[in-house]
Amino acid sequence: MTEEDKAVQVVQGRVKWFDPAKGFGFIVSDSTDADILLHANVLRNFGQSSVADGAGISVRIQTTQRGVQAIEVLKIEPPEGGIIPLGEDAGVHSPEELLALPLEPARVKWFDKTKGFGFANVFGRPEDVFIHVEVLRVSGFADLASGEAVVLRVAEGRRGRMAVQVLSWETAMRDAGDGQE
């Protein structure tokens, strides 16, 4: 391994695209001319199985013989300009009220990106929580896997409980350890 392989730096960028089925995607950053490879295993180590195109991302990178690669995800931020889409329920809650809702630990029951929605089960509650693909996108995700542990902010909608924000379990635990929510 050369000295160049060992050089690690932190960069901020945006997800150009990420395909969970292929197991990789790319990040663009002003800090490097080359696209940065983001492998699914690096993303999983952060606690997410997917990330939305356009999401802000901070990563540790390493330049190897194969190009620039992310070796650790430090932070993911939802794509810019995202608002929490509630459709018919939009007038019921302000964004501040939504972000003040408690975080509820849940497990994904199923999510179908093609259909644009899915459901999760909140621990200790019998009813399902509806998750819309747009809520997922503005939360910084592209997809969810069945059985994936997540944390949700949930609002009562006209048709039942619905997620207004999705966080990975690991992100919520890290933020709780920092005294943030």
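Structure report, in brief. Residue indices follow the written sequence of each chain, beginning from 1 at its first position. Predicted model: local features are reported for residues with pLDDT of at least 70 only, side-chain atom pairs are reported and counted for 80 or more only, and whole-chain, interface and lining totals are derived from all residues. In computing side-chain values, all of the structure's heavy atoms are included and hydrogens and water are not.

On to the overall build of the chain. A run of H or I in DSSP counts as a helix once it spans at least four residues, and a run of E counts as a strand once it spans at least two, with each numbered from the N terminus. When its secondary structure is counted, the chain shows five helices and 10 strands. In this description, contact between two residues means that some pair of their heavy atoms is separated by no more than 4.5 Å. Within the chain, contacts between residues separated by at least 24 positions form 56% of all contacts whose residues are at least 6 apart in sequence. For the chain, the exposed area adds up to about 9,800 Å²; of that, 50% sits on carbon and sulfur atoms. To measure how exposed things are, a 1.4 Å probe is used in the Shrake-Rupley method; for residues, cover is taken only from the protein chains shown.

So, on to the nonpolar core. Core analysis: the largest hydrophobic core is formed by 19 residues, its most contacted members being Leu38, Val51, Ile57, Val59, Val73 and Ile76. Listed by contribution, the elements that provide at least two residues to this core are strand 1 (8-19), strand 3 (36-39), helix 2 (40-46), strand 4 (56-64) and strand 5 (67-77). Those residues in contact with Ile57, other than ones at most four positions away along the chain, are Val11, Gln12, Gly13, Arg14, Val15, Ile27, Leu38, Val73, Lys75 and Ile76. Judged by nonpolar contacts, the second largest core, of 16 residues, contains Ala106, Leu136, Leu152 and Val166. We define a nonpolar core as any set of buried Ala, Val, Leu, Ile, Met, Phe, Trp, Tyr and Cys residues linked to one another through side-chain atoms lying within 4.5 Å. Only protein chains enter the accessibility calculation, which uses a 1.4 Å probe; a residue whose area is less than 20% of its type maximum is buried, one above 50% is exposed, and one in between is partly exposed.

With that out of the way, let us pick up the pairing of strand 3. Here strand 3 shows a clear split, with Ile36 and Leu38 buried on one side and none of Leu37 and His39 buried on the other. At least two bridges found by DSSP between two strands is the condition for calling them paired. Across four bridges, the pairing between strand 2 (residues 24-28) and strand 3 is antiparallel. The residue of strand 3 that forms the bridge with Phe24 is His39.

To continue, consider the packing of aromatic side chains. Two aromatic rings, drawn from Phe, Tyr or Trp (for Trp, its six-membered ring), form a pair once their centres lie within 6.5 Å of each other, and the interplanar angle then sorts them: stacked below 30 degrees, edge-to-face above 60, tilted otherwise. Using the criterion set out here, one finds eight aromatic pairs in the structure. Here Phe24 and Phe26 contribute two aromatic rings whose centre-to-centre distance is 5.9 Å and whose plane-to-plane angle is 85 degrees, an arrangement assigned as edge-to-face. Exposure remark for Phe24: the relative accessible area of 27% places this residue in the partly exposed category. Taking the relative accessible area as the measure of exposure, Phe26 reaches 24% and is therefore partly exposed. Connected via pairs of aromatic rings, a cluster forms that spans Trp110, Phe117, Phe119 and Phe130.

Moving on to the side chain of Gln48. The topology assignment puts Gln48 in the loop between helix 2 and strand 4. We call two N or O atoms a polar contact when they sit within 3.5 Å, provided that within protein one can donate a hydrogen and the other can accept it, with sequence-adjacent residues counted only if both atoms are side-chain atoms. A polar contact of 2.9 Å, which involves the side chain of Gln48, links it to the backbone oxygen of Ser50. The contacts of Gln48, once residues within four sequence positions are left out, are Leu43, Ile76, Gly140, Phe141, Glu148, Ser168 and Thr171.

A few words on the environment of Ile131. Within the secondary structure, Ile131 sits in strand 8 (residues 128-132). Taking C-alpha positions, Ile131 is 8.5 Å from Val166, a pair spaced 35 residues apart along the chain. Setting aside chain neighbours within four positions, we find Ile131 in contact with Phe111, Gly116, Phe117, Gly118, Phe119, Ala120, Leu136, Leu144, Leu152, Ala163 and Val166.

The term salt bridge refers to a side-chain nitrogen of Lys or Arg lying within 4 Å of a carboxyl oxygen of Asp or Glu. All chains considered together, the criterion is met by nine salt bridges. The partner of Lys16 in a salt bridge is Asp35, with the nearest N and O atoms 2.6 Å apart. With Lys16 in strand 1 and Asp35 in the loop between strand 2 and strand 3, this pair connects stretches of sequence that are 19 residues apart. For Lys16, a relative accessible area of 44% corresponds to the partly exposed category. One salt bridge connects Arg161 with Glu156, and the closest N-O pair in it is separated by 4.0 Å. Judged by relative accessible area, which is 9%, Arg161 ranks as buried. Linked through salt bridges whose partners overlap, the residues forming this network are Glu104, Arg125, Glu127, Glu156 and Arg161.

Moving on: the pairing of strand 9 (residues 149-157). Judged by how many residues are buried, strand 9 sits mostly within the fold: seven of nine residues are covered. Here strand 6 (residues 103-112) runs beside strand 9; their pairing, made up of five bridges, is antiparallel. In the strand pairing of strand 9, Arg107 is matched with Ala149. Relative to strand 10 (residues 160-168), strand 9 runs antiparallel, the two sharing eight bridges. Residue pairing for strand 10: Arg153 is matched across the bridge by Gln165.

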